[in-house]
Amino acid sequence: MTLGVLLLLCTHVPAAAAQSPGKQLIEFGWDEPDPRFLREHIAEMQASPFDGCVFHVGYRKPDGSPGNFSWDLWGRRRFRASDLDSARADLVATRFGRFHENFLRVNVTPGDLDWFENHDAVMANLELAARLAKQSGCPGILFDVEQYKGKLFDYHAQTAEHPRTWDTLAVQVRKRGSEAMRAFERGYPGLTVFMTWAYSLPVNESIGYRKSFADGHNGLLVPFLDGMIAAASDSAVIVEGNELSYPFREPARFAAQADSMRRGALRYLADPARYARRVSIAFGTWLDYDWSHRGWDSHDPSKNYFSPAVFAVAVQAAFEHADRYVWIYSEQPRWWSPSGGPRALPAAYD
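Residues numbered from 1 in each chain as written. Predicted model: local features only at pLDDT ≥ 70, side-chain atom pairs only at ≥ 80, totals over all residues. Heavy atoms only, no water.

## A short note on the overall build of the protein chain
Consideration 1: Check the secondary structure of the protein chain and you find 13 helices and 11 strands.
Consideration 2: In terms of overall size, the protein chain behaves like a compact globule, its C-alpha atoms giving a radius of gyration of 20 Å where 350 residues would be expected to give roughly 20 Å.
Consideration 3: In the protein chain, which comprises 350 residues, the share counted as buried stands at 59%.
Consideration 4: Side-chain charges in the protein chain split into 38 positive and 42 negative, and the spacing between the mean points of these groups amounts to 4 Å. (Helix = DSSP H or I, 4+ residues; strand = E, 2+ residues; numbered from the N terminus. Rg over C-alpha atoms; globule rule 2.2 N^0.38 Å. Buried < 20%, exposed > 50% of the residue type's maximum accessible area, 1.4 Å probe, protein only. Lys, Arg positive; Asp, Glu negative; His and termini not counted. Charge placed at Lys NZ, Arg CZ, Asp CG, Glu CD.)

Pasting the structure below:
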(Lines give C-alpha, C1' and ligand atoms only; values in the text may rest on other atoms or scores of the structure.)
Protein backbone atom coordinates (compact mmCIF):
# COMPACT_ATOMS: atom_id res chain seq x y z
CA MET A 1 0.00 0.00 0.00
CA THR A 2 -3.22 3.01 5.45
CA LEU A 3 -8.70 7.79 19.51
CA GLY A 4 -10.26 10.97 20.76
CA VAL A 5 -13.00 13.22 19.57
CA LEU A 6 -13.25 14.02 15.89
CA LEU A 7 -11.39 17.20 15.14
CA LEU A 8 -13.67 19.87 13.83
CA LEU A 9 -10.91 21.52 11.87
CA CYS A 10 -13.40 22.75 9.32
CA THR A 11 -17.04 22.28 8.33
CA HIS A 12 -15.98 19.32 6.23
CA VAL A 13 -16.46 16.28 8.50
CA PRO A 14 -19.05 13.96 6.86
CA ALA A 15 -22.16 13.20 8.88
CA ALA A 16 -21.47 9.46 8.76
CA ALA A 17 -18.01 9.99 10.18
CA ALA A 18 -19.25 12.38 12.85
CA GLN A 19 -21.43 9.63 14.34
CA SER A 20 -18.32 7.81 15.57
CA PRO A 21 -16.98 8.53 19.06
CA GLY A 22 -13.36 8.53 17.91
CA LYS A 23 -10.52 7.79 15.56
CA GLN A 24 -9.67 4.32 14.24
CA LEU A 25 -6.30 2.71 13.53
CA ILE A 26 -6.12 0.32 10.55
CA GLU A 27 -3.35 -2.11 9.56
CA PHE A 28 -2.54 -2.78 5.90
CA GLY A 29 0.62 -4.52 4.73
CA TRP A 30 2.32 -7.65 3.51
CA ASP A 31 0.77 -9.56 6.41
CA GLU A 32 -2.67 -8.93 4.84
CA PRO A 33 -4.90 -11.83 5.97
CA ASP A 34 -7.62 -13.79 4.27
CA PRO A 35 -10.89 -14.76 6.03
CA ARG A 36 -9.53 -18.09 7.25
CA PHE A 37 -6.57 -16.38 8.90
CA LEU A 38 -8.90 -13.83 10.50
CA ARG A 39 -11.04 -16.57 11.99
CA GLU A 40 -8.11 -18.59 13.27
CA HIS A 41 -6.05 -15.67 14.60
CA ILE A 42 -8.64 -13.16 15.75
CA ALA A 43 -7.50 -13.32 19.38
CA GLU A 44 -3.96 -12.43 18.30
CA MET A 45 -5.25 -9.56 16.18
CA GLN A 46 -7.45 -8.25 18.98
CA ALA A 47 -4.32 -8.01 21.13
CA SER A 48 -2.66 -5.69 18.61
CA PRO A 49 -2.94 -1.87 18.74
CA PHE A 50 -5.32 -1.86 15.76
CA ASP A 51 -9.07 -1.48 15.44
CA GLY A 52 -9.10 -3.51 12.23
CA CYS A 53 -7.21 -4.35 9.06
CA VAL A 54 -7.45 -4.76 5.31
CA PHE A 55 -8.07 -8.31 4.10
CA HIS A 56 -8.43 -10.10 0.77
CA VAL A 57 -10.70 -12.92 -0.37
CA GLY A 58 -9.75 -16.00 -2.36
CA TYR A 59 -11.76 -18.36 -4.56
CA ARG A 60 -11.29 -21.56 -6.55
CA LYS A 61 -10.83 -21.37 -10.30
CA PRO A 62 -12.64 -23.87 -12.56
CA ASP A 63 -9.49 -26.04 -12.63
CA GLY A 64 -9.39 -26.09 -8.83
CA SER A 65 -6.39 -23.82 -8.47
CA PRO A 66 -6.59 -20.88 -6.03
CA GLY A 67 -7.42 -17.37 -7.20
CA ASN A 68 -7.63 -14.00 -5.51
CA PHE A 69 -11.01 -12.31 -5.91
CA SER A 70 -9.59 -8.99 -4.71
CA TRP A 71 -7.09 -9.00 -7.59
CA ASP A 72 -9.24 -10.56 -10.32
CA LEU A 73 -12.56 -8.72 -10.16
CA TRP A 74 -11.86 -5.72 -12.43
CA GLY A 75 -12.02 -7.65 -15.67
CA ARG A 76 -14.31 -9.68 -17.91
CA ARG A 77 -15.10 -12.51 -15.50
CA ARG A 78 -18.38 -12.20 -13.64
CA PHE A 79 -18.11 -13.91 -10.27
CA ARG A 80 -20.97 -15.69 -8.55
CA ALA A 81 -21.93 -15.36 -4.91
CA SER A 82 -21.14 -19.06 -4.51
CA ASP A 83 -17.51 -18.38 -5.48
CA LEU A 84 -17.17 -16.60 -2.14
CA ASP A 85 -19.07 -19.09 0.04
CA SER A 86 -15.97 -20.30 1.88
CA ALA A 87 -14.80 -16.76 2.63
CA ARG A 88 -18.29 -15.74 3.72
CA ALA A 89 -18.54 -18.66 6.14
CA ASP A 90 -15.20 -17.82 7.76
CA LEU A 91 -16.09 -14.13 8.11
CA VAL A 92 -19.52 -14.77 9.57
CA ALA A 93 -18.01 -17.25 12.05
CA THR A 94 -15.37 -14.78 13.26
CA ARG A 95 -16.08 -12.97 16.51
CA PHE A 96 -14.32 -9.71 15.73
CA GLY A 97 -15.12 -7.93 19.02
CA ARG A 98 -13.04 -4.77 19.33
CA PHE A 99 -11.25 -5.60 16.07
CA HIS A 100 -14.21 -4.43 14.02
CA GLU A 101 -12.91 -1.89 11.45
CA ASN A 102 -12.04 -4.37 8.72
CA PHE A 103 -12.09 -3.56 5.00
CA LEU A 104 -12.36 -6.00 2.11
CA ARG A 105 -9.75 -5.13 -0.50
CA VAL A 106 -10.90 -4.39 -4.04
CA ASN A 107 -8.27 -3.65 -6.70
CA VAL A 108 -8.66 -2.26 -10.22
CA THR A 109 -6.93 -5.36 -11.59
CA PRO A 110 -6.43 -6.90 -14.05
CA GLY A 111 -7.67 -3.62 -15.51
CA ASP A 112 -7.54 -4.88 -19.08
CA LEU A 113 -10.76 -3.21 -20.23
CA ASP A 114 -11.01 -0.07 -22.30
CA TRP A 115 -13.27 2.45 -20.58
CA PHE A 116 -15.73 2.19 -23.50
CA GLU A 117 -16.00 -1.62 -23.32
CA ASN A 118 -18.83 -3.35 -21.50
CA HIS A 119 -18.27 -3.10 -17.72
CA ASP A 120 -21.28 -5.15 -16.58
CA ALA A 121 -19.05 -7.88 -15.10
CA VAL A 122 -16.94 -5.34 -13.21
CA MET A 123 -19.99 -3.63 -11.72
CA ALA A 124 -21.56 -6.94 -10.72
CA ASN A 125 -18.30 -7.91 -9.01
CA LEU A 126 -18.15 -4.61 -7.13
CA GLU A 127 -21.70 -5.16 -5.92
CA LEU A 128 -20.80 -8.70 -4.86
CA ALA A 129 -17.75 -7.46 -2.92
CA ALA A 130 -19.76 -4.79 -1.15
CA ARG A 131 -22.48 -7.29 -0.22
CA LEU A 132 -19.87 -9.62 1.25
CA ALA A 133 -18.45 -6.74 3.30
CA LYS A 134 -21.94 -5.93 4.61
CA GLN A 135 -22.70 -9.57 5.46
CA SER A 136 -19.41 -9.73 7.35
CA GLY A 137 -20.11 -6.67 9.50
CA CYS A 138 -17.37 -4.59 7.89
CA PRO A 139 -17.73 -0.81 7.54
CA GLY A 140 -16.95 -1.10 3.85
CA ILE A 141 -14.41 -1.62 1.09
CA LEU A 142 -10.71 -0.80 0.74
CA PHE A 143 -10.70 0.42 -2.86
CA ASP A 144 -7.10 0.24 -4.10
CA VAL A 145 -6.87 2.19 -7.35
CA GLU A 146 -3.12 1.74 -7.79
CA GLN A 147 -2.38 0.73 -11.38
CA TYR A 148 -0.63 -2.56 -10.63
CA LYS A 149 -1.48 -3.93 -14.08
CA GLY A 150 -3.66 -2.03 -16.57
CA LYS A 151 -2.98 1.73 -16.73
CA LEU A 152 -6.60 2.73 -16.31
CA PHE A 153 -6.01 6.28 -15.14
CA ASP A 154 -3.12 7.24 -17.42
CA TYR A 155 -4.58 9.37 -20.21
CA HIS A 156 -1.67 8.85 -22.60
CA ALA A 157 -1.64 5.08 -22.05
CA GLN A 158 -5.39 4.91 -22.56
CA THR A 159 -5.26 6.84 -25.83
CA ALA A 160 -2.17 5.21 -27.36
CA GLU A 161 -4.26 2.77 -29.42
CA HIS A 162 -7.58 4.63 -29.35
CA PRO A 163 -6.94 8.37 -29.76
CA ARG A 164 -9.50 10.45 -27.91
CA THR A 165 -9.58 13.95 -26.52
CA TRP A 166 -9.24 14.43 -22.77
CA ASP A 167 -12.81 15.73 -22.55
CA THR A 168 -14.28 12.75 -24.41
CA LEU A 169 -12.46 10.22 -22.27
CA ALA A 170 -13.03 12.11 -19.02
CA VAL A 171 -16.80 12.08 -19.57
CA GLN A 172 -16.72 8.30 -20.00
CA VAL A 173 -14.47 7.73 -16.99
CA ARG A 174 -16.72 9.90 -14.83
CA LYS A 175 -19.65 7.74 -15.95
CA ARG A 176 -17.76 4.62 -14.86
CA GLY A 177 -16.99 6.22 -11.50
CA SER A 178 -20.70 6.85 -10.94
CA GLU A 179 -21.51 3.28 -11.96
CA ALA A 180 -18.89 1.92 -9.57
CA MET A 181 -20.25 3.86 -6.61
CA ARG A 182 -23.82 2.83 -7.38
CA ALA A 183 -22.68 -0.80 -7.65
CA PHE A 184 -21.01 -0.59 -4.25
CA GLU A 185 -24.16 0.84 -2.73
CA ARG A 186 -26.44 -1.72 -4.32
CA GLY A 187 -24.49 -4.28 -2.34
CA TYR A 188 -24.03 -2.14 0.75
CA PRO A 189 -26.07 1.06 1.03
CA GLY A 190 -24.23 3.80 2.91
CA LEU A 191 -20.89 1.98 3.01
CA THR A 192 -17.44 3.48 3.54
CA VAL A 193 -15.16 3.32 0.50
CA PHE A 194 -11.62 3.62 1.88
CA MET A 195 -9.12 4.64 -0.79
CA THR A 196 -5.37 4.56 -0.22
CA TRP A 197 -5.35 7.72 -2.27
CA ALA A 198 -8.05 9.67 -4.03
CA TYR A 199 -7.50 13.18 -5.38
CA SER A 200 -4.23 13.54 -3.47
CA LEU A 201 -2.13 11.64 -6.04
CA PRO A 202 -3.27 13.37 -9.25
CA VAL A 203 -3.08 16.70 -7.41
CA ASN A 204 0.50 15.90 -6.40
CA GLU A 205 1.38 14.88 -9.96
CA SER A 206 0.07 18.22 -11.21
CA ILE A 207 2.83 19.96 -9.18
CA GLY A 208 0.56 22.47 -7.53
CA TYR A 209 -1.84 22.44 -10.51
CA ARG A 210 0.88 23.75 -12.82
CA LYS A 211 0.59 20.65 -15.04
CA SER A 212 -2.52 19.32 -16.69
CA PHE A 213 -4.13 16.24 -15.16
CA ALA A 214 -3.82 14.71 -18.63
CA ASP A 215 -0.04 14.73 -18.26
CA GLY A 216 -0.03 12.81 -14.98
CA HIS A 217 0.01 9.03 -14.71
CA ASN A 218 -3.18 9.12 -12.63
CA GLY A 219 -5.00 12.10 -14.12
CA LEU A 220 -8.13 10.17 -15.12
CA LEU A 221 -8.66 9.36 -11.48
CA VAL A 222 -10.03 12.91 -11.10
CA PRO A 223 -13.14 12.42 -13.30
CA PHE A 224 -13.56 8.89 -11.93
CA LEU A 225 -13.72 10.29 -8.39
CA ASP A 226 -15.97 13.13 -9.49
CA GLY A 227 -18.37 10.44 -10.73
CA MET A 228 -18.15 8.48 -7.48
CA ILE A 229 -18.89 11.54 -5.38
CA ALA A 230 -21.79 12.58 -7.61
CA ALA A 231 -23.39 9.12 -7.27
CA ALA A 232 -22.74 8.58 -3.55
CA SER A 233 -25.75 8.57 -1.27
CA ASP A 234 -25.98 10.98 1.63
CA SER A 235 -24.97 8.23 4.06
CA ALA A 236 -21.92 6.98 2.14
CA VAL A 237 -18.35 8.04 2.98
CA ILE A 238 -15.33 8.13 0.66
CA VAL A 239 -12.02 8.12 2.53
CA GLU A 240 -9.05 10.00 1.11
CA GLY A 241 -6.25 7.81 2.46
CA ASN A 242 -3.34 10.13 1.59
CA GLU A 243 -0.79 7.43 0.87
CA LEU A 244 1.60 10.24 -0.02
CA SER A 245 1.98 10.83 3.72
CA TYR A 246 3.96 7.57 4.06
CA PRO A 247 7.29 9.35 4.74
CA PHE A 248 5.90 12.22 6.87
CA ARG A 249 7.72 12.58 10.18
CA GLU A 250 7.00 16.22 11.02
CA PRO A 251 3.53 17.28 12.24
CA ALA A 252 3.66 20.32 9.95
CA ARG A 253 3.59 18.08 6.88
CA PHE A 254 0.38 16.39 8.03
CA ALA A 255 -1.15 19.80 8.72
CA ALA A 256 -0.21 21.11 5.28
CA GLN A 257 -1.55 18.04 3.48
CA ALA A 258 -4.79 18.17 5.45
CA ASP A 259 -5.24 21.81 4.48
CA SER A 260 -4.49 21.00 0.84
CA MET A 261 -7.14 18.28 0.74
CA ARG A 262 -9.75 20.21 2.73
CA ARG A 263 -9.34 23.61 1.14
CA GLY A 264 -6.75 23.89 -1.60
CA ALA A 265 -8.22 21.21 -3.82
CA LEU A 266 -11.79 22.47 -3.72
CA ARG A 267 -11.55 24.87 -6.65
CA TYR A 268 -10.47 22.06 -9.01
CA LEU A 269 -13.28 19.64 -8.23
CA ALA A 270 -16.52 19.13 -10.13
CA ASP A 271 -18.66 19.55 -6.98
CA PRO A 272 -16.69 21.08 -4.08
CA ALA A 273 -19.67 21.25 -1.74
CA ARG A 274 -20.51 17.58 -2.18
CA TYR A 275 -16.84 16.65 -1.80
CA ALA A 276 -16.76 18.46 1.53
CA ARG A 277 -19.76 16.51 2.77
CA ARG A 278 -18.83 13.04 1.51
CA VAL A 279 -15.03 12.81 1.77
CA SER A 280 -13.22 11.97 5.00
CA ILE A 281 -9.52 12.78 5.30
CA ALA A 282 -7.23 9.98 6.53
CA PHE A 283 -3.46 9.45 6.66
CA GLY A 284 -1.21 6.50 6.03
CA THR A 285 2.30 6.02 7.38
CA TRP A 286 4.81 3.37 6.26
CA LEU A 287 6.52 1.84 9.29
CA ASP A 288 9.53 0.40 7.40
CA TYR A 289 9.59 3.24 4.91
CA ASP A 290 11.68 2.51 1.78
CA TRP A 291 13.31 -0.46 3.54
CA SER A 292 14.75 -1.89 0.31
CA HIS A 293 17.07 1.15 0.14
CA ARG A 294 17.19 2.31 3.75
CA GLY A 295 17.07 -1.07 5.45
CA TRP A 296 15.02 -2.31 8.36
CA ASP A 297 16.77 -3.09 11.65
CA SER A 298 14.60 -5.12 14.01
CA HIS A 299 17.44 -5.34 16.57
CA ASP A 300 18.34 -1.66 16.80
CA PRO A 301 15.22 0.28 15.75
CA SER A 302 16.95 3.61 16.40
CA LYS A 303 18.63 3.07 13.01
CA ASN A 304 15.34 2.97 11.13
CA TYR A 305 13.82 5.83 9.15
CA PHE A 306 11.04 5.75 11.74
CA SER A 307 12.60 5.12 15.11
CA PRO A 308 9.94 4.28 17.72
CA ALA A 309 10.06 7.84 19.10
CA VAL A 310 9.78 9.44 15.66
CA PHE A 311 7.06 7.00 14.69
CA ALA A 312 5.06 7.98 17.77
CA VAL A 313 5.22 11.63 16.75
CA ALA A 314 4.12 10.83 13.20
CA VAL A 315 1.19 8.64 14.22
CA GLN A 316 0.01 11.19 16.78
CA ALA A 317 0.14 13.95 14.15
CA ALA A 318 -1.78 11.74 11.74
CA PHE A 319 -4.51 11.26 14.36
CA GLU A 320 -4.69 14.97 15.04
CA HIS A 321 -5.27 15.86 11.40
CA ALA A 322 -7.41 12.91 10.28
CA ASP A 323 -11.19 12.93 10.42
CA ARG A 324 -11.50 9.29 11.47
CA TYR A 325 -8.92 6.87 10.06
CA VAL A 326 -5.17 6.45 10.34
CA TRP A 327 -3.57 3.44 8.70
CA ILE A 328 -0.16 1.87 9.12
CA TYR A 329 1.47 0.09 6.22
CA SER A 330 4.42 -2.29 6.59
CA GLU A 331 6.27 -4.89 4.56
CA GLN A 332 9.14 -6.47 6.50
CA PRO A 333 7.73 -6.19 10.05
CA ARG A 334 4.61 -8.28 10.57
CA TRP A 335 2.06 -7.54 13.27
CA TRP A 336 0.79 -11.13 13.08
CA SER A 337 1.99 -14.31 11.46
CA PRO A 338 0.83 -17.91 10.83
CA SER A 339 3.06 -19.09 13.66
CA GLY A 340 1.41 -16.60 16.01
CA GLY A 341 2.64 -13.21 17.18
CA PRO A 342 4.64 -10.47 15.46
CA ARG A 343 7.73 -11.01 13.32
CA ALA A 344 10.67 -8.62 12.79
CA LEU A 345 8.72 -6.07 14.83
CA PRO A 346 10.43 -4.54 17.89
CA ALA A 347 8.04 -4.29 20.80
CA ALA A 348 8.70 -0.55 21.09
CA TYR A 349 6.59 0.09 17.99
CA ASP A 350 3.61 -1.66 19.56
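## Observations regarding the packing of aromatic side chains
Consideration 1: Inspection of the entire model under this criterion finds 34 aromatic pairs.
Consideration 2: Between tryptophan 115 and phenylalanine 224, the aromatic rings sit 5.9 Å apart at their centres with planes inclined by 50 degrees, giving tilted as the arrangement. Remark: phenylalanine 224 occurs in helix 9 (residues 221-231) and tryptophan 115 occurs in the loop between strand 5 (103-107) and helix 5 (120-135); sequence separation between them is 109 residues.
Consideration 3: Judged by its relative accessible area of 0%, phenylalanine 224 falls in the buried class.
Consideration 4: One Lys or Arg, arginine 77, reaches over the ring of phenylalanine 79 and ends 4.4 Å from the middle of that ring. (Phe/Tyr/Trp six-rings, centres within 6.5 Å; stacked < 30°, edge-to-face > 60°. Lys NZ or Arg CZ within 6 Å of the ring centre and 35° of its normal.)

## Considerations on empty space enclosed by the protein
Consideration 1: In this model, the largest cavity occupies a volume close to 40 Å³.
Consideration 2: Surrounding the largest cavity, Arg174, Tyr199, Asp226, Ile229, Ala230, Leu269, Ala270, Asp271 and Tyr275 form its lining.
Consideration 3: If one sorts the elements of the lining of the largest cavity by residue count, helix 9 sits on top with 3 residues.
Consideration 4: In terms of residue class, the lining of the largest cavity is built from 6 nonpolar, no polar and 3 charged.
Consideration 5: Space inside the second largest cavity adds up to approximately 30 Å³.
Consideration 6: For the lining of the second largest cavity, the per-class residue count stands at 8 nonpolar, no polar and no charged. (1 Å grid on protein atoms, 1.4 Å probe; cavity = no way out; pocket = protein on both sides within 12 Å on 5 of 7 lines; lining within 4 Å. Points joined across faces, edges and corners; volume = space filled by probe spheres on them. Nonpolar A, V, L, I, M, F, W, Y, C, P; charged D, E, K, R; others polar.)

## Here's the deal with the side chain of glutamate 240
Consideration 1: Here glutamate 240 shows up in strand 8 (residues 237-240).
Consideration 2: Here the side chain of glutamate 240 touches tyrosine 199 through a polar contact of 2.9 Å, landing on its backbone nitrogen.
Consideration 3: Residues contacting glutamate 240, with those up to four places away along its chain left out, are Met195, Trp197, Ala198, Tyr199, Ser200, Met261, Val279, Ser280, Ile281 and Ala282. (Polar contact = N/O pair within 3.5 Å; in protein donor to acceptor, adjacent residues only side chain to side chain. Contact = heavy atoms within 4.5 Å.)

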